[in-house]
Amino acid sequence: MITPEKPELAEIISISQDTADTKTFEVKFVDKSVGKKFKFRPGQFMMISVFGFGEVPISISSSPYKTNSIKFTIVNVGNVTNALHQLKKGAKIGLRGAFGTGFPLQKFRKKNILFVSGGCGLAPLRSAIYAVQEKKSEFGKISVLFGCKTPENVLFDKDMKQWQKEKFQVLSTVDNPNKNWKGNTGVVTGLFKHLTFPPETTIVMMCGPSIMIHFSLIELRKKGFKDEQMFASLERLMQCGVGYCSHCNIGNKYTCINGPVFTAKDLEKLPMKEN
């Protein structure tokens, strides 16, 4: 971790438009010595400063094995993210972190992996997918399930095509299809019927709205998945990253330091609710 309370200066080196309201920013630390020391675990997040506007917590959406630069996939949903979306290549931002728990991938070796995401939840999972992709010989079968509102909201189309080339099972579904949509329609739990590998040898990683996580856990339990096999990254407004401000507490836990990744067993003990 770089300094937890002082932002380090970083430069935006590329920007890609993913959907109408979502962009991926690739950044590098200005101080090269900071960049050389930086490491993170899939599922962790960073606090991004837009100077003059404030900070916002954003999960890292790039590979933990390629840290010469870092990528953040950001939806334009508020004042700080709107200010980020106005920035151009070469602009400077501040970074603190990485914070929070990540997915314990080292414990998932030799297991089948099921990724379940909804909406922009695929962005926090992408670093974990990249990590598994990098070491795919150490894992079993891989499945990526993704649900969103419309075909225009589908993220990472190029990535999905590459994952399919590498024999990952990749399935997407939308709530409101258009005339050109040839995929599945409905909620992401409707894709569970396509799963073929046994639950007893499978680990689940998921991210998305709380309602999606809630019903995904219910349906996966029906299929025989145990709570200790299922991990979820929660979307909460984390304002400090280090447990000082209490904005992200859920019951007796702080999402920023006890999460954002929790097991299903942990979630059963928390008073889950939408932001």
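Each residue is numbered by its place in its chain's sequence as written, counting from 1. Under the rules for a predicted model, residues below a pLDDT of 70 receive no local features and side-chain atom pairs below 80 are neither given nor counted, while totals for whole chains, interfaces and linings still include all residues. Here the side-chain values reflect all heavy atoms present in the structure, with hydrogen atoms and water set aside.

### Focus on the nonpolar core
Grouping buried Ala, Val, Leu, Ile, Met, Phe, Trp, Tyr and Cys residues that are joined through side-chain atoms within 4.5 Å yields what is termed a nonpolar core. Whether a residue is buried, partly exposed or exposed follows from its accessible area with a 1.4 Å probe, protein chains only, as a fraction of its type maximum: under 20%, in between, or over 50%, in that order. Ranked by internal contacts, the top residues of the largest apolar core, which has 31 residues, are Phe115 and Met205. Helix and strand assignments come from DSSP, with helices taken as H or I runs of at least 4 residues and strands as E runs of at least 2, each series counted from the N terminus. Elements represented by at least two residues in this core include exactly strand 7 (112-118), helix 3 (122-134), strand 8 (142-148), helix 4 (157-165), strand 9 (169-174) and strand 11 (202-207). Contacts of Met205, omitting those with residues within four sequence positions, involve Phe103, Leu105, Phe108, Ile113, Leu114, Phe115, Val116, Leu125, Ala128 and Phe231. By size, the runner-up hydrophobic cluster in this structure holds 25 residues, among which are Ile12, Phe40, Val50 and Phe72. Residue contacts are defined here by distance: any two heavy atoms, one from each residue, within 4.5 Å place the two residues in contact.

### Some thoughts on the state of the cysteines
In plain terms, two cysteine sulfur atoms within 2.5 Å form what is called a disulfide here. Applying the stated criterion across every chain yields a total of 0 disulfides. Not engaged in a disulfide, the cysteine Cys120 finds its nearest cysteine sulfur in Cys207; these two sulfurs lie 7.2 Å apart. Note on Cys120: relative accessible area 37%, which makes it partly exposed. Of all cysteine sulfurs, the one in Cys120 lies closest to Cys148, which takes part in no disulfide; the gap is 11 Å. What makes Cys148 buried here is its relative accessible area of 6%.

### Digging into the sheet that holds strand 9
When DSSP finds two or more bridges between a pair of strands, those strands are recorded as paired. Pairing within the open sheet is mixed, and its 7 strands lie in the order 10-9-8-7-11-12-15. One side of each edge strand has no neighbouring strand; the edge strands of this open sheet are strand 10 (184-185) and strand 15 (261-263). Where strand 9 lies against strand 10, 2 bridges are found, and the strand directions are parallel. Paired with Thr173 across the strands is Asn184, a residue of strand 10. Packed on one face of the sheet, helix 5 (residues 210-222) meets strand 7, strand 11 and strand 12 (230-233) and runs near 165° to strand 11. What counts as an axis is a line fitted to C-alpha atoms, over the stretch in contact for a helix, and the angles between N-to-C directions run from 0 to 180 degrees.

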